[in-house]
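Each chain, letter by letter, is given below.
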There are 2 protein chains.
Amino acid sequence: MSKTKRTPTSDAVAILHRRYYEGRPERLAALEEARANDNVARKITTLRLQTGLTQRQLAKLVGTTASVICRLESADYEGHSLAMLQRIADALKQRIEIRFVPASKRLQHV
Amino acid sequence: MSKTKRTPTSDAVAILHRRYYEGRPERLAALEEARANDNVARKITTLRLQTGLTQRQLAKLVGTTASVICRLESADYEGHSLAMLQRIADALKQRIEIRFVPASKRLQHV
DNA sequence: CATCATGTTCGCATATTTGAGAACATGCGT
DNA sequence: ACGCATGTTCTCAAATATGCGAACATGATG
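Below is a summary of the structure that appears in this document. This one's a predicted model, so the numbers in the text were calculated from it and none came from an experiment.

Overview of the interface of chain A and chain B
Moving on, step 1. At the junction of the two partners, chain A supplies 25 residues and chain B supplies 27 residues.
Moving on, step 2. For the pair chain A and chain B, the summed buried surface comes to about 2700 Å²; carbon and sulfur atoms form 61% of the total.
Moving on, step 3. When the buried surface of chain A facing chain B is broken down by residue, A:Leu82, A:Arg95 and A:Phe100 rank first, second and third, together holding 29% of it.
Moving on, step 4. Applying the counting criterion to the chain A and chain B interface returns 2 salt bridges.
Moving on, step 5. Linking chain A with chain B are 8 residue pairs in polar contact (both at pLDDT 80 or more).

Points about the relation of the copies chain A and chain B
Moving on, step 1. When chain A is fitted to chain B, the residual RMSD is 0.2 Å, and the transformation amounts to a turn of 180 degrees plus an axial shift of 0.0 Å. In symmetry terms, the pair is related by a two-fold rotation axis.
Moving on, step 2. Comparing interface residues between copies, 92% of those in chain A also sit at the interface in chain B, which points to an isologous, same-surface contact.

As for the protein's contact with DNA strand C
Moving on, step 1. The environment of DNA strand C is formed by 17 residues, the closest being A:Gln55, B:Ser67, B:Tyr77, B:Gly79 and B:Arg87.
Moving on, step 2. Sugar and phosphate atoms represent 58% of those atoms of DNA strand C found within 4 Å of the protein.
Moving on, step 3. Listing elements by their share of the surface near DNA strand C, those giving two or more residues are helix H4 (55–62) and helix H5 (66–73) of chain A together with helix H4 (66–73) and helix H5 (82–91) of chain B.
Moving on, step 4. Sort the elements by how many residues they give to the surface near DNA strand C and H4(B) lands first, with 3 residues.
Moving on, step 5. In the surface near DNA strand C, the residues fall into 4 nonpolar, 8 polar and 5 charged.

So, the protein's contact with DNA strand D
Moving on, step 1. Taken together, 17 residues form the shell around DNA strand D, and within it A:Thr64, A:Tyr77, A:Gly79, B:Thr54 and B:Gln55 come nearest.
Moving on, step 2. If you look at DNA strand D and keep only atoms within 4 Å of the protein, 56% of those are sugar or phosphate atoms.
Moving on, step 3. Taking A:Arg87, its side chain carries an N or O atom lying 3.0 Å from a phosphate oxygen of DNA strand D.
Moving on, step 4. B:Arg56 is positioned with one of its side-chain polar atoms (N or O) 3.0 Å from a base nitrogen of DNA strand D.
Moving on, step 5. Elements supplying a minimum of two residues to the surface near DNA strand D: H5 and helix H6 (82–91) of chain A together with helix H3 (55–62) and H4 of chain B.
Moving on, step 6. Among the elements that make up the surface near DNA strand D, the one with the highest residue count is H5(A) (4 residues).
Moving on, step 7. Taken together, the residues that form the surface near DNA strand D break down as 5 nonpolar, 8 polar and 4 charged.

The rules behind these values
Residues numbered from 1 in each chain as written. Chains lettered and ligands numbered in written order. Predicted model: local features only at pLDDT ≥ 70, side-chain atom pairs only at ≥ 80, totals over all residues. Heavy atoms only, no water. Contact = heavy atoms within 4.5 Å. Buried area = accessible area lost by both parts, 1.4 Å probe. Salt bridge = Lys/Arg side-chain N within 4 Å of Asp/Glu carboxyl O. Polar contact = N/O pair within 3.5 Å; in protein donor to acceptor, adjacent residues only side chain to side chain. Least-squares fit on C-alpha atoms with pLDDT ≥ 70 in both. Near = heavy atom within 4 Å. Helix = DSSP H or I, 4+ residues; strand = E, 2+ residues; numbered from the N terminus. Nonpolar A, V, L, I, M, F, W, Y, C, P; charged D, E, K, R; others polar.

The following block contains the structure:
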């Protein structure tokens, strides 16, 4: 990726990512901080920021509005549906993985 | 700019898969979603059977009825909500893990 | 200060999921 | 054949998520 001449791309996500992060270390720092968390809301936020999208941009990709994205990224929002997560994952070129793991796996607040 | 030479194959499934999905991101997305739904449905069924429960028993634990469980275990059901998955996971002493993974991660052909 | 981009919250209409009960199909053991 | 457990499908009401626009707060920039 250190070529002087950039690889031409039609990938909107890549373009936006470049535009948002290039030469802006503080934004990357904010990203690092968010990475530690693991609830769905934060995952969406983290992924969106990693991709360099604003809420409105992601909303457009997903086919909804900014207020909906904001709602989904709210930490206390419990109403996620798999359908919406899929739509978001698609927009961010990800896929969803859902696993059931035994509850007694030492990761809990014991 | 299409490849003039394709990797030869005698795999009819692969041929049809290619013919149907190549360059059709919408279809790929639909496939992904269908696969995810199927996985979730099957995971619930597997987990329920491993625990030795009938649909009605699990329904009671979850606080709903057998028809709902049956619906959730149907492969083509797309209406999963995280709230319901959580309830099922709780009843089966599991916890839900949701991950976004890059879509380019070599989707194994089906 | 003025303007713009961004995130946020609110309200309400629409769409979708859930809750529940009934009915039916199948298999299994008596 | 019968009874019974299990899974399945159907229909409806109720609960919940989404769609969408408006308005507001804040920070950055001209």
